[in-house]
Amino acid sequence: MKKLPIGISDFKKLIEEGYIYVDKTKYIYELVSNGGYIFLSRPRRFGKSLLLSTIEYLYESKRELFKGLYIENKWNWNEKYPVIRIDFSVDIKDSEKINERMKEELEINYKKNKIKMDKKRDIPGNFRRLIIELNEKYGKQVVILIDEYDKPILDLIEDKKEAEKVRRTIKEFYSVLKGLDRYIKFVLITGVSKFAKVSLFSGLNQLKDISLDKRYGDICGYTQSELEYYFKEYIK
């Protein structure tokens, strides 16, 4: 009997350590095949982080993790793309912490790809540089995955002044994505609130909101039929 995937958001750990994985790769295949800049809003604990993790390993061509899944025989495993993963799902207690968090996230991505981060540049400058250098290093367009884009603002929502400082800071960070189309393969941004309500992506006209798109309604969470199929031993 496979283990229950409680609190597991890393796709590799889920597969390699024998946890139940509800196969969402049909929806993922349809989503990434269309490409572009995508936004998805879902409640907390709905599997958004696992979704991003799955897409990350997919673009990194980790075929061994996808054995027996819908996408295995449909994906071109000879193509490997550099992936930038930014995770904002941590507690932000004041506006100063957001700069520290963004710097940490960029450092992780620089280190992962064995590129030295320029400490003299500001954070948006280093984000832009990372995208361009990854494209040049690997000769491939870059995949960008941003988890819980709005959490730093929501953490401070009761302090309007601090929340506005954070909003301005991360708006500048996200603005880097404008004008870099030729370097970017695919972008997926997830969060809880609708992006139009917080005005963070002004100018990023190509950002497509699939939150209420019926085609991707089941890309996160479990349907009744999935629950009965994948968890039948536990239900029994």
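Quantities reported herein were computed from a predicted structural model and do not represent experimental measurements.

Caption draft 1: View of the packing of aromatic side chains. Within the structure shown, the criterion is met by 16 aromatic pairs. Ring geometry for F11 and Y21: centres 5.1 Å apart, planes at 75°, overall edge-to-face. With F11 in helix 1 (residues 11-16) and Y21 in the loop between helix 1 and helix 2 (25-34), this pair connects stretches of sequence that are 10 residues apart. An aromatic cluster is defined as three or more aromatic residues linked by ring pairs; in this entry it consists of F11, Y21, Y57, Y59, F66, W75, W77, Y81 and F186. The cationic tip of K3 hangs over the ring face of Y19; the distance from NZ or CZ to the ring centre is 4.5 Å. Lying across the ring of Y81, K140 places its NZ or CZ 5.4 Å from the centre.

Caption draft 2: Molecular detail of the pairing of strand 3 (residues 142-147). Counting buried residues along strand 3, 6 of its 6 residues qualify, which places the element largely inside the surrounding structure. Side chains V142, I144 and I146 of strand 3 all project onto a buried face; the interleaved residues V143, L145 and D147 project onto the opposite face, where all are buried too. Pairing of strand 2 (residues 83-87) with strand 3 involves 5 bridges; the strand directions are parallel. Residue pairing in the sheet places D87 in a bridge with D147 of strand 3. Inspection of the sheet shows strand 3 paired to strand 4 (residues 184-191) by 5 bridges, in the parallel sense. The residue of strand 4 that forms the bridge with L145 is L188.

Procedures and definitions
- Residues numbered from 1 in each chain as written.
- Predicted model: local features only at pLDDT ≥ 70, side-chain atom pairs only at ≥ 80, totals over all residues.
- Heavy atoms only, no water.
- Phe/Tyr/Trp six-rings, centres within 6.5 Å; stacked < 30°, edge-to-face > 60°.
- Helix = DSSP H or I, 4+ residues; strand = E, 2+ residues; numbered from the N terminus.
- Lys NZ or Arg CZ within 6 Å of the ring centre and 35° of its normal.
- Buried < 20%, exposed > 50% of the residue type's maximum accessible area, 1.4 Å probe, protein only.
- Pairing = 2+ DSSP bridges.

Spatial relationships are all this shows, so hold off on functional conclusions.
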